[in-house]
Amino acid sequence: MNSPHTGHEPPANLGDQDGGAPACVLSFNASDPSGASGIGADIATISAMGAHALPVVTSILVRDTAEIFESFDIDSDAVVEQARSILEDATIASWKVGFLGTAEGVSAVAEVLSDYSDVPLVSYLPNLSWMEEDAQMAYLDAFRELILPATMVLVGSHKTLTDFLLPEWDAERPPSARELAVAAAEHGTDYVLVTGIPLPDQFIDNVLASPQGAMTGERFERFEANFVGAGDTLSAALTAIISTGTPLDTAVAEALSFLDQALDAGFRPGMGGVVPDRFFWALPPGEHPSGEEGLTDTDNTADDTVPPAPHSRHVH
C-alpha cells in the first residue's frame, strides 16, 4: 500500500487550522478494556487527527479482542452529568455517538444532544448481535426515534444498516447506499456512510450517500481479516475532521484513507482480531508493530468493520 504518512509526521490537513488550540470533539461511547473499540478507540483516533477528545463513558464492556461477553450499565444520570459538566466549560466543534449501553442511555444522551442542535453529530451503529434480543430491540427502537433525528451522518456496515433501516427488505439484490439514505432520512438523518458493500470480483465499496444518491466513497479490494474497532475508528476520524469545518465529501475521503492506513499498520495485541494502529504515521518508515510488512493471515471479516486493501490499489 502506498501511504503518504511515514516517519514522525501526523496526518495532514487535520486538527486546528489556525495554529491555536485544537478543536474539541465530544464522544459518547462505552469503555472497552481491549482498546480496540469504544471510548479508548475514540480518544486515540481523535487525538491522532489533531483534535482534543472529550470522552463520556456510557457503559462498561467486558470483552477481549475476540468477542464481547457482557455490558455493565452506567446510570443515565451519571452519563448526563459527565456531558453537561464539560459542555458548560468547553466549546465543542462536533460530537460522536457510539454505543450508549441501554435504551435509557440513548434517551439520556438524546436529551443532551437536543440542547446543541447546531453541533454536527456523527452516529455510529455497531453490530449488536451480542446483546439479548429484548434489550437489543429496545436499544434500536430508542436509537431510531431519538438519535437519528439529531444525526448528520450515520455510519455503519451495509449489513448492520440494512437490518436496522430496512428490516423488511426482501428483494434479491441488496439495498443501495441511496436506498439506505432514504430510509435514514425518514427518521431525520441527513447522510449515511455505508461500509462493506459487497461488489463483484472481490471488491468492497464504502459510500457516503444522501437520499438524492451516492456522493463519494472508495472501493477496496477485499482483504479477509478480522479487524476489531474499524467502525469506531472511521466514525471518530470523520467526527474529528468535520470539527475543522472540512466539507463533508472531503472529510469522508480523508477518514477512509486514515482508516485504511491504520488497518494496514494494524496489530494483534491478543489472540483475537487485528486492532487498527491509529498512530501509524508516528512509526519509523517501513516498520509495522507486528514485526511483519503488512498483514498476511486470513479470517472472517467482522460485521462492523471496513475490509481494507493493505496490499492493493484504491479503485475510485
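Look above for the structure.
**Notes on the side chain of Ser59**
Locating Ser59 in the fold gives a position in strand S2 (residues 52-63). Given the relative accessible area of 0%, Ser59 is considered buried. Dropping the residues within four chain positions of it, Ser59 is found in contact with Asn29, Ala30, Ser31, Ser71, Phe72, Ile74, Phe99 and Gly101.

**Here's the deal with the pattern of salt bridges**
Per the stated rule, a full pass over the model turns up eight salt bridges. Of the charged contacts, one joins Lys159 and Asp163 as a salt bridge, the two residues approaching to 3.0 Å between their closest N and O atoms. Note that Lys159 and Asp163 are positioned in helix H5 (residues 158-165) at a spacing of four residues, about one turn of the helix. As a salt-bridge pair, Glu179 and Arg173 come within 2.7 Å of each other at their nearest N and O atoms.

**Quick word on the nonpolar core**
Phe28, Trp95, Val97, Tyr139, Phe143, Ile147 and Leu165 are the most contacted members of the largest nonpolar core, which totals 50 residues. The biggest single contributor to this core is helix H3 (residues 103-113), with seven residues. Counting residues in each nonpolar core, the second largest holds 36 residues, with Val153, Leu234, Ile241 and Ala251 among its members.

**Regarding the packing of helix H1 (residues 38-48) against helix H7 (residues 230-242)**
With their axes 9 Å apart at the nearest point, H1 and H7 run at an angle of 45° to one another. Here H1 lies oblique to H7, going by the angle between them. The crossing of H1 and H7 is right-handed. Residues Gly38, Ala41, Asp42, Thr45 and Ile46 of H1 form the contact with H7, whose own contacting residues are Asp232, Thr233, Ala236, Ala237 and Ala240. Counted by class, the contact of H1 with H7 contains five nonpolar, three polar and two charged residues.

**Some details on helix H2 (residues 76-87)**
The end-to-end C-alpha separation of H2 is 17 Å, in line with the 16 Å expected for 12 residues at 1.5 Å each. Structurally, H2 contributes buried residues whose contacts are with strand S1 (24-31), S2, strand S4 (94-97) and H3. A distance of 2.9 Å separates the backbone nitrogen of Asp77 from a side-chain oxygen at the start of H2, and that oxygen is part of Asp75.

Rules of the game
- Residues numbered from 1 in each chain as written.
- Predicted model: local features only at pLDDT ≥ 70, side-chain atom pairs only at ≥ 80, totals over all residues.
- Heavy atoms only, no water.
- Helix = DSSP H or I, 4+ residues; strand = E, 2+ residues; numbered from the N terminus.
- Buried < 20%, exposed > 50% of the residue type's maximum accessible area, 1.4 Å probe, protein only.
- Contact = heavy atoms within 4.5 Å.
- Salt bridge = Lys/Arg side-chain N within 4 Å of Asp/Glu carboxyl O.
- Core = buried A, V, L, I, M, F, W, Y, C linked by side-chain atoms within 4.5 Å.
- Axes fitted to C-alpha atoms, helices over the stretch in contact; angles between N-to-C directions.
- Parallel < 35°, antiparallel > 145°, perpendicular 65-115°, else oblique.
- Left-handed = near helix turned anticlockwise from the far one by under 90°.
- Nonpolar A, V, L, I, M, F, W, Y, C, P; charged D, E, K, R; others polar.
- Expected span 1.5 Å × (residues − 1).
- Polar contact = N/O pair within 3.5 Å; in protein donor to acceptor, adjacent residues only side chain to side chain.

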